[in-house]
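Summary of structural features
Read off the chains here:
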Amino acid sequence: MKNSFRHTVLILSVALVSSCGGEPPADAEEAGAPEAAPAATMASVSIGSPADGAAIMTTSVTVTLTVDGVQIVPAGDMTAGTGHHHLYLDADLAAADAPVPSIPGSVVHMGDGSAEYTFEGVSAGEHRLIAVVADGIHVPLNPMVVDTVMFTVNN
Ligand SMILES: [Cu+2]
């Protein structure tokens, strides 16, 4: 009993020593990485629905959005690293350094901080949907946080 306990301790000690011997260079690199490359965590937005290339059978099109690396908050909040969603349906993006316009049924602000919006009465045919995250005064984040899908309404 006592012997096997000592044997185990010895093995653990050897394992610790050998792992310590091999680790220092990797530890040093990992410790430096977050400070060296903070911009590596690029923010992104993704249109989950409609899926790119989707064929939709109704004139009501529900858009769902997810983000990574940015927090979605109601309009007016200027906290760094936050913003709210905007949708362009069959409209070209406005200037990147100017507030997103507001055009009913075409350019929409989701200023309540929501991540889902439904366009009603979408015409038959092919459509382009662009999602953009912009800050509390509606100016797109820099670099742009944007996603685009094409979908078709068949009705
Ligand atoms: Cu806005």
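Refer to the structure above for everything that follows.
Reading the values: the criteria
- Residues numbered from 1 in each chain as written.
- Predicted model: local features only at pLDDT ≥ 70, side-chain atom pairs only at ≥ 80, totals over all residues.
- Heavy atoms only, no water.
- Donors = N, O, S within 2.8 Å, 3.2 Å for Na, K, Ca; no water.
- Tetrahedral: all angles 85-135°; square planar, octahedral: opposite > 155°, others 65-115°.
- Helix = DSSP H or I, 4+ residues; strand = E, 2+ residues; numbered from the N terminus.
- Buried < 20%, exposed > 50% of the residue type's maximum accessible area, 1.4 Å probe, protein only.
- Pairing = 2+ DSSP bridges.
- Salt bridge = Lys/Arg side-chain N within 4 Å of Asp/Glu carboxyl O.
- Axes fitted to C-alpha atoms, helices over the stretch in contact; angles between N-to-C directions.

1. Considerations on the coordination of the copper ion
For the copper ion, every protein donor is listed as His84 (NE2), His86 (NE2), His109 (ND1) and His138 (ND1), and the spread of their distances is 2.0 to 2.1 Å. Metal-centred angles of 91 to 147° between the four donor atoms at the copper ion mark the site as irregular. Summarised as a motif, the one-chain spacing of the donors to the copper ion is H-x1-H-x22-H-x28-H. You can see His84 sitting in strand 5 (residues 82–89) and its partner His138 sitting in the loop between strand 8 (125–134) and strand 9 (146–153), a full 54 residues away along the chain. Residue classification places His84 among the buried residues on the basis of a relative accessible area of 0%.

2. Notes on the pairing of strand 5
Extensive coverage of strand 5 is indicated by the burial of eight of its eight residues. The pairing of strand 4 (residues 71–72) with strand 5 spans two bridges and is parallel. Residue pairing in the sheet places Gln71 in a bridge with Thr82 of strand 5. Where strand 5 meets strand 8, six bridges bridge the pair, whose relative direction is antiparallel. The residue of strand 8 that forms the bridge with His84 is Ala134.

3. Some points on the pattern of salt bridges
Throughout the structure, instances matching the rule amount to one salt bridge. We note a salt bridge from Asp92 to Arg128, for which the minimum N-O separation is 2.6 Å. With Asp92 in the loop between strand 5 and strand 6 (107–109) and Arg128 in strand 8, the pair connects residues that are 36 residues apart, well separated along the chain.

4. Here we look at the sheet that holds strand 1 (residues 44–49)
Across the sheet, which stays open at both edges, the three strands sit in the order 1-3-7 with antiparallel pairing between neighbours. The strands lining the two open edges of the sheet, one partner per strand, are strand 1 and strand 7 (116–119). Ignoring strand direction, the axes of neighbouring strands in this sheet form an average angle of 30°. Bridge analysis of strand 3 (residues 61–68) against strand 7 gives four bridges, and the strand direction is antiparallel. Note that in strand 7 the partner of Thr64 across the bridge is Glu116.

What is shown is where atoms sit, not what they do.
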